[in-house]
Number of protein chains: 2
Amino acid sequence: MAQGRTIETLVQESTPAIIAGKLRHAIGYGELTPGTRLGEADLAQQLGVSRGPLREAMQRLTQEGLLTSIRNRGLFVASLGEDDVRDIYFARTAVEMAALGRVMAGDNAAAAERLLEPVAEMDRASANHDAAGVGEADISFHEALVELASSPRLSRMHTTLLTQTRMCITALQETYPEPDGRVAEHTEIAETVRAGETGAAHELLQAHMDDAVTRLLSGAPGLL
Amino acid sequence: MAQGRTIETLVQESTPAIIAGKLRHAIGYGELTPGTRLGEADLAQQLGVSRGPLREAMQRLTQEGLLTSIRNRGLFVASLGEDDVRDIYFARTAVEMAALGRVMAGDNAAAAERLLEPVAEMDRASANHDAAGVGEADISFHEALVELASSPRLSRMHTTLLTQTRMCITALQETYPEPDGRVAEHTEIAETVRAGETGAAHELLQAHMDDAVTRLLSGAPGLL
DNA sequence: CAACTCTACTTTGTCAACAATTCTACAAGG
DNA sequence: CCTTGTAGAATTGTTGACAAAGTAGAGTTG
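Residues numbered from 1 in each chain as written. Chains lettered and ligands numbered in written order. Predicted model: local features only at pLDDT ≥ 70, side-chain atom pairs only at ≥ 80, totals over all residues. Heavy atoms only, no water.

### Side note on the protein's contact with DNA strand C
Next up, step 1: Thr15, Ser50 and Arg73 of chain A together with Arg51 and Arg55 of chain B are the nearest of the 15 residues found near DNA strand C.
Next up, step 2: In the interface set of DNA strand C, defined as its atoms within 4 Å of the protein, sugar plus phosphate atoms amount to 76%.
Next up, step 3: In this structure, Leu38 of chain B approaches DNA strand C through a main-chain N or O atom, which is 3.4 Å from a phosphate oxygen.
Next up, step 4: Broken down by secondary-structure element, the contributors of at least two residues to the surface near DNA strand C are β1 (37-38) and α3 (51-64) of chain B. (Near = heavy atom within 4 Å. Polar contact = N/O pair within 3.5 Å; in protein donor to acceptor, adjacent residues only side chain to side chain. Helix = DSSP H or I, 4+ residues; strand = E, 2+ residues; numbered from the N terminus.)

### Notes on the relation of the copies chain B and chain A
Each copy of the chain is related to the other by a rotation around an axis and a translation along that axis.
Next up, step 1: Aligned on chain A, chain B shows an RMSD of 0.0 Å; the corresponding rotation is 180 degrees and the shift along the axis is 0.0 Å. Expressed as a symmetry operation, the mapping of one chain copy onto the other fits a two-fold axis. (Least-squares fit on C-alpha atoms with pLDDT ≥ 70 in both.)

### Some remarks on the interface of chain B and chain A
Next up, step 1: Counting from both sides, the interface comprises 34 residues of chain B and, opposite them, 34 residues of chain A.
Next up, step 2: Broken down residue by residue, the surface that chain B buries against chain A is led by Gln63, Arg71 and Arg153 of chain B, which jointly contribute 24%.
Next up, step 3: Joining chain B to chain A, the criterion identifies six salt bridges.
Next up, step 4: The partner of Arg55 of chain A in a salt bridge is Glu56 of chain B, with the nearest N and O atoms 2.8 Å apart.
Next up, step 5: Counting every contact that joins chain B to chain A gives 22 residue pairs in polar contact (both at pLDDT 80 or more).
Next up, step 6: Looking at the side of chain B that touches chain A, the elements with two or more residues in it are α1 (15-28), α3, α4 (82-103) and α7 (152-171) of chain B.
Next up, step 7: In terms of residue count, the dominant contributor to the side of chain B that touches chain A is α4 of chain B (nine residues). (Contact = heavy atoms within 4.5 Å. Buried area = accessible area lost by both parts, 1.4 Å probe. Salt bridge = Lys/Arg side-chain N within 4 Å of Asp/Glu carboxyl O.)

### Details of the environment of Leu217 of chain B
Residues and elements named next belong to chain B.
Next up, step 1: Its place among the elements puts Leu217 in helix α9 (residues 198-219).
Next up, step 2: Leu217 sits in the buried class, given a relative accessible area of 16%.
Next up, step 3: For the pair formed by Leu217 and Glu82, sequence separation is 135 residues and the distance between their alpha carbons is 6.7 Å.
Next up, step 4: In contact with Leu217, other than residues within four places in its own chain, are Glu82, Val85 and Arg86. (Buried < 20%, exposed > 50% of the residue type's maximum accessible area, 1.4 Å probe, protein only.)

### Concerning α3 of chain B
Residues and elements named next belong to chain B.
Next up, step 1: Under the 1.5 Å per step criterion, the end-to-end length of α3 is 20 Å for 14 residues, consistent within 8% with the ideal 20 Å.
Next up, step 2: Within α3, ten of the 14 residues are buried, which leaves the element mostly enclosed by the surrounding structure.
Next up, step 3: When α3 is considered as a whole, its buried residues turn out to be Leu54, Glu56, Ala57, Met58, Gln59, Arg60, Leu61, Thr62, Gln63 and Glu64.
Next up, step 4: Gly65 sits one or two positions beyond α3 and adopts a positive phi of about 95 degrees. (Expected span 1.5 Å × (residues − 1).)

### Points about the protein's contact with DNA strand D
Next up, step 1: Residues in contact with DNA strand D amount to 16 residues; listed here are only the nearest, Arg51 and Arg55 of chain A together with Thr15, Ser50 and Arg73 of chain B.
Next up, step 2: The sugar-phosphate portion of DNA strand D accounts for 74% of its atoms within 4 Å of the protein, the bases making up the rest.
Next up, step 3: Residue Arg51 of chain A places a side-chain N or O atom 2.9 Å away from a base nitrogen belonging to DNA strand D.
Next up, step 4: Within the side chain of Thr15 of chain B, one N or O atom sits 2.5 Å away from a phosphate oxygen of DNA strand D.
Next up, step 5: When contributions to the surface near DNA strand D are tallied by element, the ones reaching two or more residues are β1 (37-38) and α3 (51-64) of chain A together with α3 of chain B.
Next up, step 6: In the surface near DNA strand D, the residues fall into two nonpolar, seven polar and seven charged. (Nonpolar A, V, L, I, M, F, W, Y, C, P; charged D, E, K, R; others polar.)

As structure tokens, this is what we get:
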């Protein structure tokens, strides 16, 4: 991302893109909870922009599936039911399995090193009993995995899915279990990558995903 | 989609969504070729809407990656280089392989029937020497495959990828080879699904995708 | 003759006002 | 008492106009 240039790139990204990023963050971290109605006038004033650019940004998020639009009634933060949780992880599995396959066709050692960075961060956060930090490092691990596949389209799709994953995690933060197990799980995946054991790595990742779903759903009897 | 109701649903989709659909179609079918600059005033008048809704629609397509935005200079139809073609098919493979896996965990016979519908259409078009029709049926086959997985997120991601696939096909329509082979290929996949031969189906689909890439790239020495 | 500068034009980015629709509250009737 | 109809208020959808940035061309200068 930030390529240490002498002069920072002049071409700034468009205003709607910036606003969309802020909204995406707010939604992912629970500042805007599912079902919330996004009043244009309020939001615009809050963000210091006019309604025009804000509406453009919201269209982006609608396209991503983070907002649902009802004509003449406004835009709402998408609600996630049990089916949605299952679908999010199903789609994530599809994306990350493909990424894993491509990564393991390349330099396994380098990939493992890269993957162990967020694991170390997770370990650190775990030692500090920082539940949010553990969650964030978890996300970083999977983000790194997909980045390593260097597929722009896979990464783009994954970004949306990760935002929705954050929504799930934020909404059910109490569900977070023993962090030591998570550190071990991720370490194991990284080490399997290093060893080049393709089949095992895929199985571990699949199990990791299935675990997450059952954990989330067992902790969420009602919908989000 | 169309659920034969007595009274059709009253809530119409938002204007930006409609416009985005039209633009997506125009881009997919080559009415707007890669690199084209989209002047707002012209397009708005041409579509019979004002600049506001049009801008909102274009933000959607930008989010999808169909348009690239350069601040203060306008929006351009995304150009597809060789790397993009490879990436499109890599992402499509990820999505469709996952869909295939889920489909084959269900009713294989029903799935095969559904998949053979576009194959029949392809055969018909092939008999009429209708190259475009063959291509469209090809797309329909893969669309049906993903629909059968009934995963909203996978379908959404796939829609974008199919638009980009159409761009490739449209840009290199001359590359289309003997349609008989294509009919056979798709038939084989559908029949393998019916037989429940999971491993074989995945291998066939993978080969099908790889073929498509090599065919597209061999026919496209220059970029699109 | 090439390169630079300045001017005018076109286009995008942003904003504020108007029109249309929906929600809320309240009153009337069965 | 519940349902139905009707105003008012608030919000979204759309349009048009203004300001900023970029582009193209002619003119000038080395």
